[in-house]
Each structure stands twice: as structure tokens, then as C-alpha cells.
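Working through the structure, step by step
For reference, the chains in residue letters:
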Amino acid sequence: MAVVPLRPCRAAGRLLPLLCCGTRSKGASLGPGVPGRLTQRRYKKDVLPSPEGPVPSVTITEIRQYLRAQGIPFRDGYSCLHTPSFFTAGREEQPPAASAPYTLFIDKTTGSFLCTATLAEGTWQDFQANVELQHHGAPPDSSEEAEEDMRRAREDARCIWERALPLSHLLDEEETKETKAMFGINWVTDATLKRFGVRYLRTAKSLVFPWFSPRDATLKGLKLLRVEKKGDTIVYVEETLPRNDSYRNLFGLPLVSHRDTELVLTGWELDALALHQATGVASLALPRGSTSLPPALLPYLEQFKRITLWLGDDLRSWEAAKLFARKLSLKRCSLVCPGSLQPRPLEALNQGLSLAKILRAARPASHKSIVSFRQLREEVFGELVNSEQVAGVKWVRFPELNKLLKGHRRGELTVFTGPTGSGKTTFISEYALDLCMQGVCTLWGSFEISNIRLAKIMLTQFATQHLDDKLELYDEWADRFEDLPLYFMTFHGQQNIKAVIDTMQHAVYMYDITHVVVDNLQFMMGYEHLSVDRLAAQDYIVGAFRKFATDNNCHITLVIHPRKEDDEKELQTASIFGSAKDRKLVSGPGKRYLQVSKNRFDGDVGVFPLEFSKTSLTFSSKSKPKVKKVKEEKAPSAAKAPSAKKAPEGSSGASKKS
């Protein structure tokens, strides 16, 4: 078996990242005179799921037993096992000698490996295959699959890098001041910018952050950062070469010494500059900010005995920091809690605050099972001060939903139902797409319709137009859609609940998933539950998803078909759970509207109408429909649905929040 770049579907076995049929170099959009290339469109067949089923998972115990049986020495690290690399060892050394450098790292959770000396990487199955090759006297297979795309990206990156200039080399001193002011780096010195290799590209008005190979310091890629003003708001726009899924730059890594034992991880390159300048501590920036920490980067962080995560100044960054600390090992991690006196590092530098003092105040990520209010006091105050952030991510396409649910929050379960053919999947796809476009890492489990059909629906909603008769626009929209943090499970039809939960667990670890959509629950009430009471089986499955949401601080949206009832009768909570509760899920003939029937966190229950657009397959409306609030204490018959325009295909569903 060839050693291939670590790919989401191969490591997970049941995960398929959203891929378009081709790629386009980002260089074409970087400004006049900047080279760009439209690459040949092609299918990436190797990422499709194997017909034999998922790649078997592996435990840390099985990994250790295999290494001992093969006579391969290893050391126990924080997130990985360290072994000598057979990619660098001589062919006569079978297995590699214990005296060889321990440059191969095996992920304890997935078994995926990375050799930091040669950058060879792959799955646990690839590792075993290469061990077998060693036993047969053959050199390890280091296939250069997908290297052509990387080479093109490196060529484009090199062209841009050569056109960019250090800020200190700009001839006009006024231009230098204006550029620094535009990016808020007035207090970052030219020496710091030069040390980190930051340049400025005039034609694109962008800062250029290099990605140097940790093996030989060659240029592997770039990140460009530009500023856009929307009214009084400043928005930072990032573009990477290569594309996001292949961009794995720990910015600042070449400056880290092998003797460094302490590290600060930030979510932004400018924050890493500010931290290093103010404290002298080794500082790195994650390639995707607080969105995710790819497991492929963990080997480069193994040398550090203490890691402080200072990812930003909002609660989303705080939640991400707690999630990343679990990957890195809680016992060595500390977290900087966001607050007015502890903003993000660049802002702290601009305000003249002591960054060293803030780092000393970072709290340990691990804690005992019992805490006092004194330990919780600052977090409680933070939630009171940042009530809007605590409420969750707001929907852009459904402002009426924000009035009822306040926002989309981690650690919760949403149950969504509606009659057959009412548009549940279409609505939920736009509902999830709205959040995904705001950086919420999303995993879709569509058991009823194929991923191709679902992706087509979501792409249409994303572009807000059918692309059937506008194929010349397909690549443009597909490129933008591909950059979304969106993944699909490849399950279809009846599935075992344990297999689904295991796949979700893997996705949370690999891709930092924070929103899982399961459509629908009935496909998990199959073979093993035939002899069990249907309601009891349903309660068991809902309980399993609720526990998963709590344990992994992840939001789950679960679609459930209601039991068969009279077409003229509106849905009740009893239509799902079989008991007469005092809240109802409304859906009626000739109407299309959404009712929030239960909401435990905050906000209200209520109903608002929806308008379906066939041209864009969207339910979001430009008009502002009036939200009708419903009192939870009332009997079901007392809550009437508001009048709405008739729709030919029935009505959408409703949700229950827990």
C-alpha cells in the first residue's frame, strides 16, 4: 500500500470531505499582475469510500502491541507515540535502530503517522504496509500522489513571494505608516516583521505570511491577508496557497528551537507577532485560527511541556481553546480567558497591556471534579458581560429564528420534525449552511438521500440560483463552496447507532466538528431494535445523541419523522415522543411555517411563516415575517399558527430544543 497524504475519508473510514471536481489557483483573484492558473478539472477518485466498508479503527493498546511485536522501539508522548523513522533509517536497519532519531509520530487516537524528517504521512494501515515492505527488504513507498497540485501551488506562491516586499523596503515612509495603520500593527516593529518573514504585496494590498517547510526551509505556500471596510466595520479577508484543506502552516515554526519547552498557540498570525515581540516566548499561529486544529500538526507540538492557548477575545475562541486542549493533553495546557483586560494579543499590545502578566494569569485546562464559585466567578461574569456571544452564532438567513432561539449553541440537541414531503431536508440544509458559512464546522449524516443530491441542493442554496443552465459559473461557486468547513458521512440506509456515534467521535477529533446534522433517526431504529418497543428504542437513540452533544460540546440537529396521523391534524409533541406534553409541533395543510415548540436555554417559543423559492431552493425570505410567540404553559389547542401563504407541497417542520 502506498504512503499517501492523510485524507479525511481514509483516516475516518466513513467520512467524505466536500470536494469539487477540480481546483482553481487562488492567485487569479489577488490583484492585477499577479499570476494565476486554472488547473485541469479532474475527479479525486481516491477519496471515495471503499465498497468493502470502513477502514477498521485502532486503539492505543493495539498500536503498542503491534510496535512491540515488530521490534520497533517507541516512546510515549502527549498526543503521539514517537518512534525512529524507517523513511530515514538505512535499508539494512530492519527495524530502525533505537539510537536513530525519533522523528516518526503515531497519533494515539487515529493511528495516523507523520515523519517530520521526510514529511511522509499516512494512515495506520499505510504504516503497517510499510513495515511489511521493510521486512521484505523493499524501501518504504513514498508515493507522490497529489504532488502535482502542490507543485503548482508552490509555483504560484513563489511568484507572489518574489513580487512582495518587506514593509521596511517600501520607499514611501507615508505608505509604510498607512499600511501598518490599516492592519493595526503600528506597534509591531520592522525587526519583528523581518524575523517572521512577513511581506507586503502592493497590487493586492495584502500582507503575505510565508509557509516554510520544516524539513528544508523551502517555500511551501502563503497566506495573504487584506482589509475590507464595510461601513464602520473592518473585515479581514484571508486567502491561502494551497487551498485551505492542504494549508497546514504553523506560522512561526522555523523560529522555534529544539530547546524550547514552552509555547503560546494563537489563532492569528498578527497575534503571534505581537506575543513574540512583547514576551520573547515561542509563539505559533494555527493555520485555520480557532476553527480547527488538524491532527497532522500535533507531532510538531510534542516537544513542549507547557502550551498556553490564547486564540482570541470572544467566547467562540474560548470554546475552541478548551476543545483543542483535549487534543494536546489537558495536563500541559493553560488557557487565557477572554475579557476586557485580556483581549487578543495584538489588541493587548496596542493598548499597552502587559502580555507577560496575562500569560502568567492563564488558568490550567485540567481541573478537579469539584470546584468552588471562586474558580467559576470570572467565567460567570464573562457570560453576563458577553450575553450576545453566550447566546450563540446568529443565523444570517433566518433573523426570525434568532428572536426565538437567540442563537446556535454548542452542547445542545435540536429535534426537528414535519410531515413527509414538507421540505425538512431542504430547510435543514439551508439552516446548517447558514451556520457553516460563518465558520461552524459541520458534519452531515444524510441516510435518506445521497450526498451528491444533498451537495447539489446546498450548492444551489449557497449560490442562490440554479446552475444547470449556467455551467460557466460552476467552478467559481464550487471553489467557494469547497472552502466551507463541511463534511459528509457516507452512511446510507439502515445503520447501527454505535457505528454512527463512533464516526461522529472521529470527526470531532479530526476536524473539530461543532455541528452534526442527522437525517433521520428512523434509519438507526433498524435490525437490532426490531423486537424492542419503538418508543423505548427511540428514547435510547435520542439519549445517546444527547450524551454525545454534552460530552463533546457539540450541537446535534436530529430529524425525526412523526407517527402517521390525519393530514388535517397539526403535529403535537406526542406525534414524536408518544406522550401528551403541553407543547406542540405545528404543521398544517396549505401552510408553510416553522414553530419552536420547546426551548430550554433562553428565548421564546413561537411560530413564523416561511416562503419557499424554487429558483434558489431556499426558505429564507427578504421580507420580514412577523413572529408570533406562543406561551408554553397553554394547552396545545390554545396556540394557533399564524396565517401564511399557501404552498403546494405542504409545510415545513418544527424544532424542539433541549
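Placed above this text is the structure.
This write-up is about the structure you can find in this document. Just so we're clear, the structure is a prediction, and the values are computed from it rather than from any experiment.

**Observations regarding the overall build of the protein chain**
When helices and strands are counted, the protein chain shows 19 helices and 24 strands. Considering the protein chain as a whole, with its 658 residues, one finds that 54% of them fall into the buried category. When contacts within the protein chain are restricted to residue pairs at least 6 apart in sequence, long-range pairs at least 24 apart make up 67% of them. When the accessible area of the protein chain is evaluated, it comes to approximately 30,300 Å², of which 52% is carbon and sulfur surface.

**Section: the side chain of Asp271**
By secondary structure assignment, the location of Asp271 is in helix α7 (residues 269-279). Discounting chain neighbours no more than four positions away, the residues touching Asp271 are Thr266, Arg344, Pro345 and Leu346.

**Some remarks on empty space enclosed by the protein**
Gaps left between atoms show up when a probe the size of a water molecule is rolled over them. Within this structure, the stated rule accounts for eight cavities of 30 Å³ or more. When its volume is computed, the largest cavity comes out at roughly 90 Å³. Mapped onto the lining of the largest cavity, the elements with two or more residues apiece are β4 (104-107) and β5 (113-115). For the lining of the largest cavity, the per-class residue count stands at eight nonpolar, two polar and two charged.

**Focus: the sheet that holds strand β9 (residues 219-230)**
Taken in spatial order, the four strands make up an open sheet running β7-β8-β9-β10, and their pairing is antiparallel. In the strand order of this sheet, the two ends are held by β7 (199-201) and β10 (233-241), each with one partner. This sheet shows a mean twist of 30° between the axes of neighbouring strands, independent of strand direction. Set on the sheet, α7 makes contact with β8 (206-212), β9 and β10; between it and β8 the angle comes to about 80°.

**Topic: the packing of aromatic side chains**
Given two aromatic rings, their pairing is described by the distance between the two centres and the angle made by the two planes. All chains considered together, the criterion is met by 21 aromatic pairs. Ring plane angle 85° and centroid distance 6.1 Å describe the contact between Trp161 and Phe212, whose orientation is recorded as edge-to-face. Here the residue Trp161 occupies a position in helix α4 (residues 147-163), and Phe212 occupies one in strand β8, the gap between them amounting to 51 residues. Each ring, one from Phe416 and one from Phe427, has its centre 5.5 Å from the other, and the planes form 10°; the classification is stacked. Within this pair, whereas Phe416 is found in strand β16 (residues 413-417), its partner Phe427 is found in helix α14 (residues 424-436), the two being separated by eleven residues in sequence. Each member of the pair Phe416 and Phe427 is classed as buried. Across the ring face of Tyr102, the terminal group of Arg75 is positioned such that the distance to the ring centre comes to 3.7 Å.

**Topic: the pairing of β9**
Pairing geometry for β8 and β9, over seven bridges, is antiparallel. In the sheet register, Pro210 faces β9, and the bridge partner there is Leu222. Counted along the chain from β8 to the antiparallel partner β9, the turn is six residues long, and its residue Ala217 has a positive phi close to 65°. As defined by bridge partners, β9 adjoins β10 across nine bridges and the pair is classed as antiparallel. The residue of β10 that forms the bridge with Lys223 is Thr240. Hairpin remark: β9 followed by β10, antiparallel, with two residues in the connecting loop; positive phi at Gly231, about 70°.

**Things to note about the pattern of salt bridges**
Counting across every chain of the model gives 19 salt bridges. Its salt-bridge partner being Glu302, residue Arg332 comes within 3.9 Å of it at the nearest N-O pair. Taken together, the residues Arg332 in the loop between α8 (315-328) and β14 (333-335) and Glu302 in the loop between β12 (283-285) and β13 (306-310) connect sequence positions 30 residues apart. Under the relative-accessibility criterion, Arg332 is labelled buried at 3%. With relative accessibility at 5%, the residue Glu302 sits in the buried group. Note that Lys547 and Asp551 form a salt bridge whose closest N and O atoms lie 2.7 Å from each other. Of this pair, Lys547 and Asp551 both sit in helix α18 (residues 534-551), four residues apart, roughly one helical turn. Taking the relative accessible area as the measure of exposure, Lys547 reaches 53% and is therefore exposed. Within this structure, Arg64, Asp76 and Lys108 form a network of salt bridges that share partners.

Rules of the game
- Residues numbered from 1 in each chain as written.
- Predicted model: local features only at pLDDT ≥ 70, side-chain atom pairs only at ≥ 80, totals over all residues.
- Heavy atoms only, no water.
- Helix = DSSP H or I, 4+ residues; strand = E, 2+ residues; numbered from the N terminus.
- Buried < 20%, exposed > 50% of the residue type's maximum accessible area, 1.4 Å probe, protein only.
- Contact = heavy atoms within 4.5 Å.
- Areas by Shrake-Rupley, 256 points an atom, 1.4 Å probe, with all protein chains shown as cover.
- 1 Å grid on protein atoms, 1.4 Å probe; cavity = no way out; pocket = protein on both sides within 12 Å on 5 of 7 lines; lining within 4 Å.
- Points joined across faces, edges and corners; volume = space filled by probe spheres on them.
- Nonpolar A, V, L, I, M, F, W, Y, C, P; charged D, E, K, R; others polar.
- Pairing = 2+ DSSP bridges.
- Axes fitted to C-alpha atoms, helices over the stretch in contact; angles between N-to-C directions.
- Phe/Tyr/Trp six-rings, centres within 6.5 Å; stacked < 30°, edge-to-face > 60°.
- Lys NZ or Arg CZ within 6 Å of the ring centre and 35° of its normal.
- Salt bridge = Lys/Arg side-chain N within 4 Å of Asp/Glu carboxyl O.

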